[in-house]
Amino acid sequence: MSLVLLLGVTVLPLVFLKTYIIPYLRSPLKSLPGPFFAKFTNLWRLFSHYKQTHIETQQALHDKYGDAVRIGPNVVSIADPALVKTIYSTRGTFIKSEYYSVNDALQDGHLIPNIFSTRSNVYHARALKPMAKLYSFSSALELEPSMDVTLRTLFSQLETRFMDGANAGKTCDISEWFSFFTWDFLADVTFSERMGFLERGEDVGDMIETGEKVMRYFSVVGQIPTLDKLLGKNPHLPYKFADFSVTAGFCTQRFLERVQLPDEEKQTKKDFMASFMQAKREYPELVGDDEIIGILILNVLGGADTSSIILKAVLYHMLRNPLYHHTLVAELRASLPSPSPRTTPSPSPSSSSSSHHYPLPLSHAQTSTLPYLQACILETLRFHPVLGHVLERVVPSSGLTLSSGVVLPPGTIVGVNPWVMSRSTLVYGPDASTFRPGRWLRDEGVGETEEAHGERVARMKSADLAWGGGNRVCLGRPLAMVQVAKVVASLFAYYDLALEDPTQEWHLHKQWLVLPHKIRIKIARAPM
Ligand code: HEM
């Protein structure tokens, strides 16, 4: 017998035994149900994410096994609404898992975390201290004029390209245009300069497409984060994975230009960059130029695709449900003042000499009083959460007691997939798997009291992970809520929208983000 063969038959079984069998036999998670291979290796879930079947697979596993399913040797997916507030607590006792470190940037051989990726509560609290107030609701409202300008640019582009002259009736892939809008919008509120997506009607610098590739890498490699060191963060690897360098370069350039502006001109800017620079003056020990550039990039990357997903999902679900569509349009059009803002002369966003009258977007003051609009947005956030992954956290020293009485030991990775939780019949009732905006409204048909309605909505919100949770909840939520409501309200109020082919389903790219593509619509000015 050759030496190689001898080594093969003796060493390999030992390695197999040590790597897979002994950890399996000794695991404190042994009693938990789950797929057979997931008990031995994370490759099982890596492939599930690679095939983009992770959402359906996790939903089916929870249907079969209940609230706690072992989806990796040390990973447990949870679907128990009673544990949401424990895992995602405001004190942050369950820290983010190593999965998030794939999002750190590699600079000169060092890993640089950001507010989203950091696993340290100390780092997070320090980074957030000077920034938190800039993301408040009142700060979001200060940005409303800027939202209006970008929104009217969207209207002008849609009218010119799909409604006017020879272009009337042309099919519009609104999923692309919502991406162009949100990327330009985030750039505008961040550094008072759009990136040119809307005016050019294209993915400038392939930033959107590259972003999707980076998210796919994060989705798959994140299941075995040590792989990242061998792949994306390996400087010796000849192959280069997609990264955010074009977007990062764009943001850095805007920062360098701002620094060089004369002080009087700097003071005229009302955007996130101006606020970040003010934070640097107030907290010089916490905010330096690197921190500012980091949060500029995060603002665009964290806000653009997420907001566009919700816009696409609201529009798609409305257009596929004629009853909901008509109810929304009726509420919106009844709320418009007379004469309609379209007949009121108003300059085009790009040229004051234009003969076009682009409608004035509905204001936050208007949209916040429209219950059906708000219900449609809440239902979309529930039914189509932007994140399709388990939001992984690490069990702290206290352990985690499941409803079955099983205690998960410290160090176990646990988490809830928002898509799984959003289909919980315990929380949302027997029709949890149906898109129904009315669930957020008081059910007068069955005589539901104000109080009972309040309690029901509170129960639904307590399990809601559309914005994440606890100390790591989405920073951009107020801004996104104001923006999404204005866009949806204005589009449905001023335009007649219909799917080109109502039998045609959209394409969903299921990764970390669940990204809709190919929503082909016909759009025309509504008669006013
Ligand atoms: C509809 C739009 C949006 C949705 C649904 C959304 C959703 C989320 C979710 C689910 C998380 C938690 C991620 C996790 O725990 O792993 C998150 C975090 C975050 N979001 Fe958003 N987001 C949206 C828009 C925005 C916008 C507009 C911004 C910036 C202006 C933003 C900035 C952030 C940041 C900085 C974090 C990290 C927070 C932390 O870890 O402390 N998001 N978002």
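What counts and how
Residues numbered from 1 in each chain as written. Predicted model: local features only at pLDDT ≥ 70, side-chain atom pairs only at ≥ 80, totals over all residues. Heavy atoms only, no water. pLDDT = per-residue confidence, 0-100. Contact = heavy atoms within 4.5 Å. Near = heavy atom within 4 Å. Polar contact = N/O pair within 3.5 Å; in protein donor to acceptor, adjacent residues only side chain to side chain. Helix = DSSP H or I, 4+ residues; strand = E, 2+ residues; numbered from the N terminus. UniProt positions renumbered as here; feature names shortened; annotations may be inferred. Buried < 20%, exposed > 50% of the residue type's maximum accessible area, 1.4 Å probe, protein only. Pairing = 2+ DSSP bridges. Axes fitted to C-alpha atoms, helices over the stretch in contact; angles between N-to-C directions.

1. Observations regarding the confidence of the model for the protein chain
At step 1: Mean pLDDT for the protein chain: 92, with 95% of residues reaching 70 or above.
At step 2: Low pLDDT, under 50, characterises residues 350-355; the stretch is placed with 2 contacts to residues that sit more than four places away or in other chains.

2. Brief notes about the site of the ligand
At step 1: Not every one of the 28 residues close to the ligand is listed here, only the nearest: Y100, H124, R393, R472 and C474.
At step 2: For the ligand, an oxygen atom lies 3.4 Å from a polar atom in the side chain of K96.
At step 3: Backbone polar atom of I115 to an oxygen atom of the ligand: 3.4 Å apart, as the coordinates give it.
At step 4: Looking at the shell around the ligand, the elements that each hand over two or more residues are α15 (289-320) and α22 (477-494).
At step 5: Among the elements that take part in the shell around the ligand, α15 stands out by supplying 7 residues, more than any other.

3. Notes on the UniProt feature "binding site: heme" (unreviewed entry) in the protein chain
At step 1: When the UniProt feature table is mapped onto this chain numbering, "binding site: heme" (unreviewed entry) sits at C474.
At step 2: Along the polypeptide, C474 turns up in the loop between α21 (450-462) and α22.
At step 3: With relative accessibility at 34%, the residue C474 sits in the partly exposed group.

4. Points about the sheet that holds strand β9 (residues 413-415)
At step 1: An order of β1-β2-β9-β6 is seen for the 4 strands of this open sheet, with the pairing classed as mixed. Looking along the sheet, the strands with just one partner apiece sit at the ends: β1 (68-72) and β6 (393-394).
At step 2: Where strand β2 (residues 75-78) meets β9, 3 bridges bridge the pair, whose relative direction is parallel. Note that in β9 the partner of S77 across the bridge is G415.
At step 3: The strands touched by helix α3 (residues 54-65) are β1 and β2; relative to β1, the strand with the most contacts, the crossing angle is about 135 degrees.

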